[in-house]
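Listed here are the chains, written in short residue letters.
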Amino acid sequence: MFSTNSPASEPFRFEHPIRDVAVVGAGPSGLPAARFLREVGLNVRVFERQSVPGGIWNAPNYDQAPPPTIPTRPSSIADYIPSLPPAGVTLPYEEVREDDRALRVDHSPPNPVYNSLKNNVPTSLLKFQDFPWPPGTEDIIPYADITAYLHSYASHFNLKDLVSYDTRVERVEPRFGPTGEREGWRVWLRKLESVADREGKVKIKWWFEDFDAVLVAAGHYSAPFVPNIEGLVEWQAKRAESISHSKAYRRPNVFANQNILVVGCGTSGLDIVKELHPHAKKVYQSLKPQVDGADLYKRLRALQRSSIPAEVEQVAEIARFEPENGKIVLVDGVVLGDIDHVIFSTGYLFSRPFLDSFTYDLPTSPPSPKGGLAPTDKEEVILTDGHAHHHLYLDTFYYPDPTLAFVGLPINTSAMRDEWQKRVAEKGYGENLHVLGPWLEQEWVDTITDWLRQEGYTRFWQRDVAWLRKPDETMQKFAASEAEGDQLVEPADA
């Protein structure tokens, strides 16, 4: 049974029993999801395209990431282009090919982990409730310590046996019985394996498995987003080595004695300019004039901006690239004519290539009218322009069919159709749909924990939202870590 806390909501009754569940991803969301699904007696299979658990926190499998695709590909293939077996073959089907870097990178691209990366949420909050950090763990730690923590979690709860590693999900599609009734989901899979007795060869295996439900825990830091700026396509064609995305950033010394333009001022953009300015000849940072989102989010970003080093020159947004003369023109008319490299720290798209039948591609830049839902307004659509997921209850359950669910999205609170539409009316479509202030986040946590108690699950979930009632304290701690000891003064108007 599936219900909401709203008195107007009727319980949802599944059309068939839920016994077998596929989990896409073995990272910080997929690991605990698999654990608790198994705890309640379900048969769980996890599919992870990397070779180990840990998701986004694993060190890059290759030092160099591929250059960004410009223009950014549509949401349906922004992360990768699905690879299905040749038509007419008997499954499982296998091929042996030359093992090369391009094949491996296409299957599992390098993570956006730079050498100095640390957490931006204190470890006192960044933890599993019943799996503490080792004694003496600091609030802010190197990413490798977080990787080790996630690997330990997987080992401690014996989750590794649930996971098929080096396995990418190529398609998830509804499965129907002989008379047309829904019978769950079919998951198409592709696995890469080294051939033990044939050096330099890799075996590619395709097959499918059937499940009653699918849980997507695949994260959203895989598909780099680069805004569609006039002249950028031509600039990359002429100067391909001078353009990158922050996903490919690893260390500052490779930019020594260069003039660098960093576009964007999120957490990664701020980290990068702080690292670059002692090494580069000159660092510019292109910023939006204002930040959209919840009040706490805007105040946090203002605090971050206040910690930009004085040596970094803050400039306006880019109006156009002029590849023929190597100039970059800003919206205020200023011309930058001596830029050696541009790093786009402009975020990521939501991309679920395996859900192609639930994706209606719209332009990724600028965001589409109504934040990516128009012109379809179809209830079955989940992704359009890649800036938000649509038609999800509590940002988790696909309300046309809750046997498809998502975990690990930025938190927002919504409900079945009517409540979801109400939330959209309050917050609008687009990337801010999944961004909450502290009080809506508390409401979301309260809703989930109360709902679980009503269903009898009291062993694993405990209400612990005291930190949500101290958002300023949490924000200050985060911002202080970003400033690396600099004195921060909160602006009166964020």
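Residues numbered from 1 in each chain as written. Predicted model: local features only at pLDDT ≥ 70, side-chain atom pairs only at ≥ 80, totals over all residues. Heavy atoms only, no water.

Novice: So, the packing of aromatic side chains: which residues are in play, and what are the values?
Specialist: All chains considered together, the criterion is met by 18 aromatic pairs. When the centroid spacing of 5.2 Å and the interplanar angle of 50 degrees are considered together, the rings of Trp188 and Phe208 count as tilted. Taken as a pair, Trp188 in strand S6 (residues 182–194) and Phe208 in strand S7 (residues 201–211) lie far apart in primary sequence, 20 residues in all. We classify Phe208 as partly exposed; its relative accessible area is 31%. Ring geometry for Phe321 against Phe344: centres 6.4 Å apart, planes inclined by 45 degrees, an arrangement best described as tilted. Note that Phe321 is positioned in strand S14 (residues 318–322) and Phe344 in strand S17 (residues 341–344), a separation of 23 residues in sequence. Each member of the pair Phe321 and Phe344 is classed as buried. Of the aromatic side chains, those joined through ring pairs into one cluster are Phe128, Phe131, Trp133, Tyr149, Tyr153 and Phe157. Its guanidinium or amino end placed over the ring of Trp207, Lys205 lies 4.9 Å from that ring's centre, counting from NZ or CZ. Taking NZ or CZ as reference, Arg239 lies 4.8 Å from the ring centre of Trp235, over its face. (Phe/Tyr/Trp six-rings, centres within 6.5 Å; stacked < 30°, edge-to-face > 60°. Helix = DSSP H or I, 4+ residues; strand = E, 2+ residues; numbered from the N terminus. Buried < 20%, exposed > 50% of the residue type's maximum accessible area, 1.4 Å probe, protein only. Lys NZ or Arg CZ within 6 Å of the ring centre and 35° of its normal.)

Novice: With reference to specific residues and values, describe the nonpolar core.
Specialist: Residues Val46, Tyr153, Leu276 and Ile343 are the most contacted members of the largest nonpolar core, which totals 53 residues. For this core, the elements supplying multiple residues, two or more each, are strand S1 (20–24), helix H1 (30–39), strand S2 (43–47), helix H3 (143–156), strand S8 (213–216), strand S11 (259–263) and helix H5 (267–276). It is H3 that provides the largest number of residues to this core, a total of six residues. Val24, Tyr80, Val216 and Phe350 belong to the second-largest nonpolar core, a separate cluster that totals 24 residues. (Core = buried A, V, L, I, M, F, W, Y, C linked by side-chain atoms within 4.5 Å.)

Novice: If you had to explain the pattern of salt bridges to someone new, which residues and values would you point to?
Specialist: Enumeration over the complete set of coordinates arrives at 17 salt bridges. For Arg186, the salt bridge is made with Asp210, and the minimal N-O distance between the two is 2.8 Å. In this pair, Arg186 sits in strand S6 while Asp210 sits in strand S7, placing the two residues 24 residues apart along the sequence. Since its relative accessible area comes to 29%, Asp210 is described here as partly exposed. (Salt bridge = Lys/Arg side-chain N within 4 Å of Asp/Glu carboxyl O.)

Novice: Lay out the packing of H1 against H3 with the relevant residues and their values.
Specialist: Orientation of H1 relative to H3, taken along the N-to-C sense of each, is 15 degrees, at an axis distance of 10 Å. Considered as vectors, H1 and H3 are oriented roughly parallel to each other. Handedness of the crossing formed by H1 with H3: left-handed. Here Leu31, Pro32, Arg35 and Phe36 of H1 lie close against H3, whose contacting residues are Leu150, Tyr153 and Ala154. Tallied by class, residues from the contact of H1 with H3 come to six nonpolar, no polar and one charged. (Axes fitted to C-alpha atoms, helices over the stretch in contact; angles between N-to-C directions. Parallel < 35°, antiparallel > 145°, perpendicular 65-115°, else oblique. Left-handed = near helix turned anticlockwise from the far one by under 90°. Contact = heavy atoms within 4.5 Å. Nonpolar A, V, L, I, M, F, W, Y, C, P; charged D, E, K, R; others polar.)

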